[in-house]
Amino acid sequence: MPSLQSAQDIFERQFLEMRCELLNLAAALDRIHRADGASDVQNDSRMKQLADAIQIVASEGDDRAERLQLLFSDDYVEGWNQ
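Note that the coordinates shown come from a computational prediction; the quantities given were computed from them, not determined experimentally.

Some remarks on the overall build of the protein chain
The helix and strand tally for the protein chain stands at four helices and zero strands. Tracing the protein chain from N to C terminus, the helices and strands come up as α-α-α-α. Taken over the C-alpha trace, the protein chain has a radius of gyration of 17 Å; the compact-globule value for 82 residues is 12 Å, which it surpasses by more than 25%. Each principal axis of the C-alpha atoms in the protein chain carries an extent, and together these give about 45 × 45 × 20 Å. Per-residue burial for the protein chain yields a buried fraction of 6% across its 82 residues.

Written out as structure tokens, the structure reads:
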């Protein structure tokens, strides 16, 4: 189904918000890097997830949000609610 808005319209509307979110991420990573114990955090598996997420965001395709959701989701366990 075609979009009702052009890519340019969406980009113009979303650009500042996307830029802000990227700056927030970079600032948080900078604060972690400058803090005491930064080397301990670098070995945290969640940092690997963030690095993988950044690669997904930088990649091509129209399924980046889905791939990010899967990256941060737990595997399904049959019978988990019993």
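A short note on the layout of surface pockets
The method is simple in principle: a probe with the dimensions of a water molecule rolls over the atoms, and the space it marks as empty is what remains. Of the pockets and cavities examined, the largest pocket occupies roughly 270 Å³. Along the walls of the largest pocket sit Met18, Glu21, Leu22, Leu25, Leu50, Ala53, Ile54, Val57, Ala58 and Leu68, which together make up its complete lining. Elements with a minimum of two residues in the lining of the largest pocket: helix 1 (7-34) and helix 3 (45-58). Tallying contributions element by element places helix 3 first for the lining of the largest pocket, with five residues. Taken together, the residues of the lining of the largest pocket sort by class into nine nonpolar, no polar and one charged.

What about the environment of Asn43?
For Asn43, the position within the fold is in the loop between helix 2 (38-42) and helix 3. Residue classification places Asn43 among the exposed residues on the basis of a relative accessible area of 69%.

A short note on the pattern of salt bridges
If you walk through the whole model with that rule in mind, you get three salt bridges. Its salt-bridge partner being Arg67, residue Asp63 comes within 3.1 Å of it at the nearest N-O pair. The partly exposed category is assigned to Arg67, whose relative accessible area is 26%.

Points about helix 3
An ideal rise of 1.5 Å per residue puts 20 Å on 14 residues; helix 3 measures up with 20 Å between its terminal C-alpha atoms. Listed as buried for helix 3 are Met47, Ala53 and Ile56. Residues of helix 3 that are buried in the fold lie against helix 1, helix 2 and helix 4 (64-72).

Conventions and cut-offs
Residues numbered from 1 in each chain as written. Predicted model: local features only at pLDDT ≥ 70, side-chain atom pairs only at ≥ 80, totals over all residues. Heavy atoms only, no water. Helix = DSSP H or I, 4+ residues; strand = E, 2+ residues; numbered from the N terminus. Rg over C-alpha atoms; globule rule 2.2 N^0.38 Å. Buried < 20%, exposed > 50% of the residue type's maximum accessible area, 1.4 Å probe, protein only. 1 Å grid on protein atoms, 1.4 Å probe; cavity = no way out; pocket = protein on both sides within 12 Å on 5 of 7 lines; lining within 4 Å. Points joined across faces, edges and corners; volume = space filled by probe spheres on them. Nonpolar A, V, L, I, M, F, W, Y, C, P; charged D, E, K, R; others polar. Salt bridge = Lys/Arg side-chain N within 4 Å of Asp/Glu carboxyl O. Expected span 1.5 Å × (residues − 1). Contact = heavy atoms within 4.5 Å.

Geometric descriptors of this kind do not, in isolation, establish any biological role.
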